[in-house]
Amino acid sequence: MDVAAINPATGRTVKIYPETTPAEVTAAIEKAHQTWQSWRATPFAERARLMKKCAGILRGRKDELAKLMATEMGKPLKQGVAEAEKCAWVCDYYADNAETFLQPEDVKTEATRSYVAFEPIGVVLAVMPWNFPLWQVYRFAAPGLMAGNVGLLKHASNVPGSALAIDEMFIEAGFPEGCFRTLLISSAQVKSVIEHPLVRAATLTGSTPAGSSVASQAGRVLKKTVLELGGSDAYVVLEDADIEHAAQTCVASRLINSGQSCIAAKRFIVASPALREFTDRFVALMKAKKMGDPFAAGTDVGPLARRDLRDKVHDQVVRSKEGGAKLLLGGEIPEGEGAYYPPTVLAQVKPGMAAFDEEIFGPVAAIIEAKDEKDAIALANTSTFGLGAAVFSKDIARGERVARQLEAGSTFVNTFVASDPRLPFGGIKESGYGRELGTFGIKEFVNIKTVYIKDGPHPVTMANE
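First, a word on scope: everything that follows refers to the structure included in this document. (Residues numbered from 1 in each chain as written. Predicted model: local features only at pLDDT ≥ 70, side-chain atom pairs only at ≥ 80, totals over all residues. Heavy atoms only, no water.)

## Some thoughts on helix α1 (residues 22-39)
Thought 1: Taking 1.5 Å per residue, 18 residues should reach 26 Å; α1 reaches 25 Å between its end C-alpha atoms and fits that length.
Thought 2: For α1, the set of buried residues is V25, A28, I29, A32, H33, T35, W36 and W39. End-on view of α1: buried residues confined to an arc of 165°, all on one side of the axis. Residues of α1 that are exposed and point more than 90 degrees away from the buried face comprise A23 and Q34. (Helix = DSSP H or I, 4+ residues; strand = E, 2+ residues; numbered from the N terminus. Expected span 1.5 Å × (residues − 1). Buried < 20%, exposed > 50% of the residue type's maximum accessible area, 1.4 Å probe, protein only. Arc of directions from axis to C-beta.)

Here you go:
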C-alpha cells in the first residue's frame, strides 16, 4: 500500500510514496548488519567528520526542511527552522563528545587491569512520531551512529517526505550505505522487524499504547527498548511566583508545536492566592496568539497534524466541560478546511476530568487550583504520566525543593521543560523508561562490557557467582 502525505491545513494529498516491500525490508536489515561490521571499527574521528558534515547540511537546508514539515504536519515555519537548527546542534554535540563519553573506564580490582568498555551492539530500529519529524530522529541517530551502531527508521506514516529527507542528508554527508535507512512500512509490520535476528534493539517515541506494544514485542524476543512516551506535564505556579513571567512561559510551553508536544505544559496548578491574577493574564496571552496558515509570517498555532487528532482533542474538551470544567477561551472547531483547533483554556479542572487525567495533544490548557504548596505537589503527582514538570517561585531554594518532589524525568524551575543534547531526557511511570541524550543516552544501546586481565596464572579465589 502506498503512503500518502496529506497537508493538514487543506486536507489535500501532497505526494504519494511507494511502501517498502517485505523483500526490501529484509534486504535493508541485512545491508545494515553488513555495514555495521565495518562501521563499528570506523575511528571516532571519521564518524565525527561525517556527523559534522551532516550538521552543516541541516543548517544549509533548514528553510527547505521547515517548508516540508509545514506541508506534511502543519508546523509553523519559524518552529520548523528552529527544529532543523536543533538537529544540527545534536549532531555537533555527539561529534565533539562521543569518543570521550565512550572511553573505557578503569575499575580497581585484584586484576592486573580491569575496566568497562562500551561497544556498539548493531542494528537498532527507531519507531518515531510525526510531531517533531526531524528532532525525534536525530536525537536517536546522532548518538547511535557515533557509538558505532546503525539505524533503521520506521517513521510516522503522515511524514514520509521528512523521513526520506533524513536518509538523503546522511547519504549526502558521506555515511556508508546501510548506516541509516528509512522503511516506509505500517505499524503492523514493526513486529517482524523487531523479531529479525539481525535487529538488536528498538527505541520508540510516541503514545503509551504504542510503547506498550513495541515493548511487549521486543520483550518476547529479549531485545532492549528505550521508550519516550506521552506526558501530561504539570506546571506549578506558587503564590510567590513572578506571575507575568510564569504566564508568558506557561503559554509558550503550552503552544509549542501547536500544543502537539509530549513535554508541552498541559496542567497548570496554581496556588489559590495567585489563581485569579495568573488566570486573567494567561487567558489574555492565549487569546493574543495567532492561529492560521503555517506558511504565514507571524503564525503561532498551525493546524493539528490530522483531522482525527483534532476531533479527539475537541472530544476531550467537551468531556471535560461535561465533567464540570469551565471554558474560558476557545473550545470550538472553526469553520473551513484544515485540522485547526484554537487556543483553549479550561478552568476549575479536577482529577477525574479528561483535561486532568489524559494527555491532550493540542492547544488546550487546564487550570487547576491548589490550596497550598503541599496540595500543588500532590495534584502534580496525581497522574499516570511522569515526563516533565516545572515550578515557578521567586524563592529559588523553594523552587528547587518543590522540583525535587515532582514525579517526572525532568523538572525545571522558572522556565519551561525542554530537551537538551547535554542532559538526559526521558520519563517515568506511563511516560516510558530509559534515557536519550547526554552521556546516559549514548550508553543505552551499547554493550557495557567488563574486561578483566591477569598477568599470569593465579589461584582462583572468587566465587562462581
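## Quick word on the packing of helix α2 (residues 44-60) against helix α5 (residues 135-146)
Thought 1: Following both chains from N to C, one finds α2 and α5 inclined at 155°, their axes separated by 9 Å at the closest point. As summarised for this structure, α2 and α5 are arranged roughly antiparallel, according to the angle between their axes. Residues F44, R47, A48, M51, C54 and L58 of α2 form the contact with α5, whose participating residues are Y138, A141, A142, L145 and M146.
Thought 2: Grouping the amino acids of the contact of α2 with α5 by side-chain chemistry returns 10 nonpolar, no polar and one charged. (Axes fitted to C-alpha atoms, helices over the stretch in contact; angles between N-to-C directions. Parallel < 35°, antiparallel > 145°, perpendicular 65-115°, else oblique. Contact = heavy atoms within 4.5 Å. Nonpolar A, V, L, I, M, F, W, Y, C, P; charged D, E, K, R; others polar.)

## Notes on the sheet that holds strand β13 (residues 344-347)
Strand pairing in a sheet is mediated by backbone hydrogen bonds. Such pairs are either parallel or antiparallel.
Thought 1: Spatially, seven strands are ordered β12-β13-β14-β11-β10-β15-β16 in an open sheet, and the strand pairing comes out mixed. The sheet terminates laterally at β12 (326-329) and β16 (410-413), the two strands that pair on one side only. Within this sheet the neighbouring strands show an average axis-to-axis angle of 20°, counted without direction.
Thought 2: For strand β10 (residues 233-237) and strand β15 (residues 388-392), the ladder comprises four bridges, and the chain directions are parallel. Paired with A234 across the bridge in β15 is A389.
Thought 3: Across the sheet, helix α10 (residues 272-288) lies against β10, β11 (265-271), β12, β13 and β14 (364-370), angled at about 145° from β11, the strand it touches most.
Thought 4: Of the strands in this sheet, β15 and β16 are in contact with helix α14 (residues 396-405), which crosses β16 at around 165°. (Pairing = 2+ DSSP bridges.)

## Some points on the environment of T203
Thought 1: Mapped onto the elements, T203 comes out in strand β8 (residues 199-205).
Thought 2: Classification of T203 by relative accessible area gives buried; the value is 2%.
Thought 3: Counting along the chain gives 76 residues from T203 to V127, while the straight-line C-alpha distance between them is 6.2 Å.
Thought 4: Among residues more than four places away in sequence, those in contact with T203 are L125, A126, V127, M128, F140, V226, E436 and F445.

## Observations regarding the pattern of salt bridges
Thought 1: Considering all chains together, one arrives at 31 salt bridges under this definition.
Thought 2: In this structure, the salt-bridge partner of K443 is E105, at a minimum N-O distance of 3.3 Å. Taken together, the residues K443 in the loop between α15 (438-442) and β18 (446-453) and E105 in strand β3 (residues 105-106) connect sequence positions 338 residues apart.
Thought 3: What makes E105 partly exposed here is its relative accessible area of 38%.
Thought 4: Where R319 meets E358, a salt bridge forms, and the shortest distance between an N and an O atom there is 3.0 Å. With R319 in helix α11 (residues 307-322) and E358 in the loop between α12 (354-357) and β14, this pair connects stretches of sequence that are 39 residues apart.
Thought 5: For R319, a relative accessible area of 32% gives the class partly exposed.
Thought 6: Among the residues examined, E358 registers a relative accessible area of 27% and is labelled partly exposed. (Salt bridge = Lys/Arg side-chain N within 4 Å of Asp/Glu carboxyl O.)

## A few points about α10
Thought 1: Between its first and last C-alpha atoms α10 spans 25 Å; for 17 residues at 1.5 Å apiece the expected length is 24 Å, and the two agree.
Thought 2: A bend of about 30° at F278 is the largest found in α10.
Thought 3: Looking only at α10, the buried set comprises A274, L275, F278, T279, F282, V283, L285 and M286. (Bend = angle between axes of the 7 residues up to and from the residue.)

## Here we look at the packing of helix α9 (residues 243-254) against α10
Thought 1: Two numbers describe how α9 lies on α10: the axes approach to 9 Å, and their chain directions differ by 45°. If you check the angle between α9 and α10, you find them oblique. α9 and α10 meet at a crossing whose hand is right-handed. In contact with I243, E244, A246, A247, Q248, C250, V251 and R254 of α9, α10 contributes A274, E277, F278, R281, F282, L285 and M286. (Left-handed = near helix turned anticlockwise from the far one by under 90°.)

## Quick word on unusual backbone geometry
Thought 1: The backbone phi angle of Q348 is positive, close to 55°, even though this residue is not glycine.
Thought 2: Summarising the element assignment, Q348 is placed in the loop between β13 and α12.
Thought 3: When its relative accessible area of 45% is taken as the criterion, Q348 is described as partly exposed.

## Re the nonpolar core
Thought 1: Formed by 114 residues in total, the largest nonpolar core has its most connected members in Y138, F170, F175, F278 and F282.
Thought 2: Take this core: its biggest share by element is 10 residues, from helix α4 (residues 77-101).
Thought 3: Residue contacts for F282: discarding those within four places in its chain leaves A247, C250, V251, F268, V345, A365 and I367. (Core = buried A, V, L, I, M, F, W, Y, C linked by side-chain atoms within 4.5 Å.)

## Digging into the packing of aromatic side chains
Thought 1: Going through the model one piece at a time under the given rule, you end up with 12 aromatic pairs.
Thought 2: Summarising the aromatic geometry, the rings of Y138 and F170 are spaced 5.4 Å apart at their centres and angled 35° between planes, so their arrangement reads as tilted. Pair noted here: Y138 is in helix α5 and F170 is in helix α6 (residues 160-173), with a separation of 32 residues, a long-range link. The pair formed by Y138 and F170 is uniform in burial state, with each residue classed as buried. (Phe/Tyr/Trp six-rings, centres within 6.5 Å; stacked < 30°, edge-to-face > 60°.)

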